[in-house]
Amino acid sequence: MKISDIPDEALDATPTPIPTKTVYDWEALHRVMKRQGFVVIETDDTRMTTAGAEESVLVKAFNSHMRTVKGLRLKTKRISKTRWYCTL
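Read on for a plain summary of the structure. (Residues numbered from 1 in each chain as written. Predicted model: local features only at pLDDT ≥ 70, side-chain atom pairs only at ≥ 80, totals over all residues. Heavy atoms only, no water.)

**Digging into the nonpolar core**
Judged by nonpolar contacts, Trp26, Met33, Val39, Ile41, Leu58, Val59, Phe62, Met66, Leu74, Trp84 and Cys86 together constitute the single largest core of 11 residues. Taken together, the elements giving at least two residues each to this core come down to helix H2 (26-36), strand S1 (39-42), helix H3 (57-70) and strand S5 (83-87). Broken down by element, the residue count for this core peaks at 4 residues, all from H3. Leaving out residues up to four positions away in the same chain, Ile41 has contacts with Leu29, Leu58, Val59, Phe62, Thr82, Arg83, Trp84 and Cys86. (Core = buried A, V, L, I, M, F, W, Y, C linked by side-chain atoms within 4.5 Å. Buried < 20%, exposed > 50% of the residue type's maximum accessible area, 1.4 Å probe, protein only. Helix = DSSP H or I, 4+ residues; strand = E, 2+ residues; numbered from the N terminus. Contact = heavy atoms within 4.5 Å.)

**Description of the pairing of S1**
Residue alternation in S1 divides its side chains into a buried set, Val39 and Ile41, and an unburied set, Val40 and Glu42. Sheet topology note: the S1/S5 ladder contains 4 bridges and is antiparallel. Its bridge partner lying in S5, Val39 is registered against Cys86. (Pairing = 2+ DSSP bridges.)

**What about the pattern of salt bridges?**
Counting across every chain of the model gives 4 salt bridges. The salt bridge involving Arg47 is made with Glu55; its shortest N-O contact spans 2.8 Å. Note that Lys60 is salt-bridged to Glu55, the shortest N-O span being 3.9 Å. Each of Arg47, Glu55 and Lys60 takes part in a single network of salt bridges with overlapping partners. (Salt bridge = Lys/Arg side-chain N within 4 Å of Asp/Glu carboxyl O.)

**Side note on the sheet that holds strand S4 (residues 75-78)**
The 3 strands lie next to each other as S1-S5-S4, forming an open sheet whose pairing is antiparallel. Because the sheet does not close on itself, it has two edges, and the strands there are S1 and S4. Strand-to-strand twist of the sheet, defined as the mean angle between neighbouring strand axes without regard to direction, takes the value 25°. Relative to S5, S4 runs antiparallel, the two sharing 4 bridges. Within S5, the residue paired with Lys77 across the bridge is Tyr85. The sheet strands contacting H2 are S1 and S5, and the helix crosses S1 at an angle near 135°. This element, H3, spans S1, S4 and S5 of the sheet and lies at about 140° to S1. (Axes fitted to C-alpha atoms, helices over the stretch in contact; angles between N-to-C directions.)

Treat this as a map of the structure, not an account of what it does.
See below:
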């Protein structure tokens, strides 16, 4: 590519921010659960299900990982507005 191929507006444009994403380490959380018997997840990140119930995005993702990757059944219980108890 030659410099003449670049449009003039690109030369003065503000830099494009690079998108980032958070990747959770569910394996480390599983090790903590095996060691102490449970984990408590605290988060404000919730969503409404089609049935109208409120669920935690993080608890749902952890549960999905445990079922699909580990083949284990995670038991969860909401213990306050922002906290969930999880065990095997």
